[in-house]
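Spelled out from the first residue to the last, the chains are:
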Amino acid sequence: MGRQRMAEAGKAPKIVGTVAELRSAVADYRRAGETLGFVPTMGALHEGHIALVKQAQTLADRVVVSIFVNPTQFAPNEDFSRYPRTFDADVDKLAQAGCDLVYAPGREDMYPAGFSTGISIAGPAQGLESDFRPHFFSGVAIVVAKLLLQTAADVAVFGEKDYQQLRVVTQMARDLDLPVRIVPGPTVRESDGLALSSRNRYLTPEERTVAPVIHRALTTAAIAIKAGAVPDAAAAEAEATIARAGLKVDYVAARNAETLAPLASPDEPVRLLAAAWLGTTRLIDNIGV
Ligand code: PAF
């Protein structure tokens, strides 16, 4: 797949809110022989999302971005109601990026009355996030499956920032024979290492100065592992560093980079993953070794 059509930066993307409108716009692209890339988002877009859009533009002729704050991936005590909703600013950013189509369905479009279907995933969905947010991956799986089927994209780009989500979606697409290529997008960071996240805006100025400790601790652990340290011991050291900075750690773990299973042998590819609370904000990050 190659991009034949230059994205027109600054041109307002077409905005659709229903599956019928989405399919009609996609059918127009298909009739013109164009391929489709897809970036799913919950809005509150930042440079990390825009990097995914730019990456999708290198992989397909047209790019659709969905904006939908998916209620099924939030537990009742989580931040669904306060999750930032910045639709107009998001569309401006997508226009600048040359995105072709914005799909912004309403809750009733995605989950009409009587909606009764679920997807349960084991494998990479086990442990880590699931230990602390047991509802999360069933919510992500159902909404991502629907979005992939609705857009019928050839390729979809998911950020490595949500590494377990990337592995879960990749597994689901493979298991369900979804005709889409799932492509990872590198994490975009602030200059001090903090991974860009829509939730960073919850941080107080003081918390913001502390937050990069997660990336620093993971980087130190990755260097130690490369130099021969036992991955679980390096992860435990990173956890202690993050806790000493005042965060409440959910987990810091060294896992098989593909399956996310605990490490069983020294030659497996390693990924370090962490989640921790800084005040009322939950931050996640990860790094390859
Ligand atoms: O990563 C996200 O923003 C969400 O989990 C996703 C993939 C858009 C599904 O709601």
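This one's a predicted model, so the numbers in the text were calculated from it and none came from an experiment.

### Remarks on the UniProt feature "binding site: (R)-pantoate" (unreviewed entry) in the protein chain
So, point 1. Per the UniProt record, "binding site: (R)-pantoate" (unreviewed entry) is annotated on Gln 73 and Gln 165. Despite a sequence span of 93 residues, these residues sit close together in the fold, their greatest C-alpha distance being 11.5 Å.
So, point 2. By the element assignment, Gln 73 lies in the loop between strand E3 (62-67) and helix H3 (87-97).
So, point 3. Ignoring anything within four residues of it in the chain, the contact list for Gln 73 reads Met 42, Glu 78, Arg 133, His 135, Phe 136, Gly 139, Val 140 and Val 143.
So, point 4. The buried category is assigned to Gln 165, whose relative accessible area is 18%.
So, point 5. Leave out the neighbours within four places in its chain, and Gln 165 touches Phe 136, Phe 137, Val 140 and Phe 158.

### Points about the site of the ligand
So, point 1. The ligand sits among Pro 40, Thr 41, Met 42, Asn 70, Gln 73, Val 143 and Gln 165.
So, point 2. At a separation of 2.6 Å, an oxygen atom of the ligand approaches a polar side-chain atom of Gln 73.
So, point 3. Between an oxygen atom of the ligand and a side-chain N or O atom of Gln 165, the distance comes to 2.7 Å.
So, point 4. The fraction of the free accessible surface of the ligand (290 Å²) that becomes covered by protein chains is 90%.

### Focus on the nonpolar core
So, point 1. By size, the foremost hydrophobic cluster in this structure holds 46 residues, and its most contacted members are Leu 101, Tyr 103, Val 144, Leu 148 and Ile 182.
So, point 2. Of all the secondary-structure elements, those providing two or more residues to this core are helix H1 (19-31), strand E2 (36-41), strand E4 (101-103), helix H6 (136-151), strand E5 (155-159), helix H7 (163-175), strand E7 (248-256) and strand E8 (270-278).
So, point 3. Ranked by the residues each element gives to this core, the list is headed by H6, at 10 residues.
So, point 4. Not counting chain neighbours up to four residues away, the residues in contact with Ile 182 comprise Leu 148, Ala 156, Phe 158, Leu 166, Val 169, Thr 170 and Ala 173.

### What about the sheet that holds strand E6 (residues 181-185)?
So, point 1. Sheet architecture is open: 6 strands sit in the order E1-E4-E3-E2-E5-E6, paired in parallel fashion. Every interior strand has two partners, whereas the edge strands, strand E1 (14-16) and E6, have only one. Between one strand and the next, the sheet's axes are offset by a mean angle of 25°, whatever the strand orientation.
So, point 2. Bridging between E5 and E6 involves 5 bridges; their strand directions are parallel. Within the sheet, the bridge partner assigned to Ala 156 lies in E6 and is Ile 182.
So, point 3. Packed on one face of the sheet, H6 meets E2, E3, E4, E5 and E6 and runs near 150° to E2.

### Considering the packing of H1 against H6
So, point 1. H6 packs onto H1 with a crossing angle of 45° between their chain directions and a minimal axis gap of 9 Å. Compared by their axis directions, H1 and H6 come out oblique. Contacts between H1 and H6 involve Val 19, Leu 22, Arg 23 and Val 26 from the former and Leu 149, Gln 150 and Thr 151 from the latter.
So, point 2. Across the contact of H1 with H6, the residue classes tally to 4 nonpolar, 2 polar and 1 charged.

### Notes on empty space enclosed by the protein
So, point 1. Scanning the entire structure with this criterion turns up 1 cavity of 30 Å³ or more.
So, point 2. For the lining of the largest cavity, the element with the most residues is strand E9 (residues 281-288), which contributes 3 residues.
So, point 3. Its residues assigned to classes, the lining of the largest cavity shows 7 nonpolar, 4 polar and 2 charged.

### Digging into the environment of Tyr 83
So, point 1. Examined against the element boundaries, Tyr 83 turns out to sit in the loop between E3 and H3.
So, point 2. Residue classification places Tyr 83 among the buried residues on the basis of a relative accessible area of 7%.
So, point 3. Each C-alpha atom of the pair Tyr 83 and Val 69 lies 7.9 Å from the other, and the pair is 14 residues apart in sequence.
So, point 4. Other than its neighbours up to four places away in sequence, Tyr 83 contacts Met 42, Val 69, Phe 74, Ser 198, Arg 199 and Tyr 202.

### Some points on the pairing of E8
So, point 1. In terms of burial, E8 is largely enclosed, as 8 of its 9 residues are buried.
So, point 2. With 8 bridges joining them, E7 and E8 adopt antiparallel strand pairing. Bridging across to E8, Val 252 finds its partner in Ala 274.
So, point 3. Looking at chain direction, E8 and E9 are connected through 8 bridges and run antiparallel. Paired with Ala 274 across the strands is Asp 285, a residue of E9.

### Some remarks on the packing of aromatic side chains
So, point 1. What the rule picks out here adds up to 6 aromatic pairs.
So, point 2. Measuring from centroid to centroid gives 5.1 Å for Tyr 111 and Phe 115, while their planes differ by 90°, and the two rings are edge-to-face.
So, point 3. Taken together, the aromatic side chains of Phe 68, Tyr 111 and Phe 115 make up a single cluster linked through ring pairs.
So, point 4. Sitting over the ring of Tyr 202, Arg 82 keeps its end group 3.8 Å from the ring centre.

Calculation rules
- Residues numbered from 1 in each chain as written.
- Predicted model: local features only at pLDDT ≥ 70, side-chain atom pairs only at ≥ 80, totals over all residues.
- Heavy atoms only, no water.
- UniProt positions renumbered as here; feature names shortened; annotations may be inferred.
- Helix = DSSP H or I, 4+ residues; strand = E, 2+ residues; numbered from the N terminus.
- Contact = heavy atoms within 4.5 Å.
- Buried < 20%, exposed > 50% of the residue type's maximum accessible area, 1.4 Å probe, protein only.
- Near = heavy atom within 4 Å.
- Polar contact = N/O pair within 3.5 Å; in protein donor to acceptor, adjacent residues only side chain to side chain.
- Areas by Shrake-Rupley, 256 points an atom, 1.4 Å probe, with all protein chains shown as cover.
- Core = buried A, V, L, I, M, F, W, Y, C linked by side-chain atoms within 4.5 Å.
- Pairing = 2+ DSSP bridges.
- Axes fitted to C-alpha atoms, helices over the stretch in contact; angles between N-to-C directions.
- Parallel < 35°, antiparallel > 145°, perpendicular 65-115°, else oblique.
- Nonpolar A, V, L, I, M, F, W, Y, C, P; charged D, E, K, R; others polar.
- 1 Å grid on protein atoms, 1.4 Å probe; cavity = no way out; pocket = protein on both sides within 12 Å on 5 of 7 lines; lining within 4 Å.
- Points joined across faces, edges and corners; volume = space filled by probe spheres on them.
- Phe/Tyr/Trp six-rings, centres within 6.5 Å; stacked < 30°, edge-to-face > 60°.
- Lys NZ or Arg CZ within 6 Å of the ring centre and 35° of its normal.

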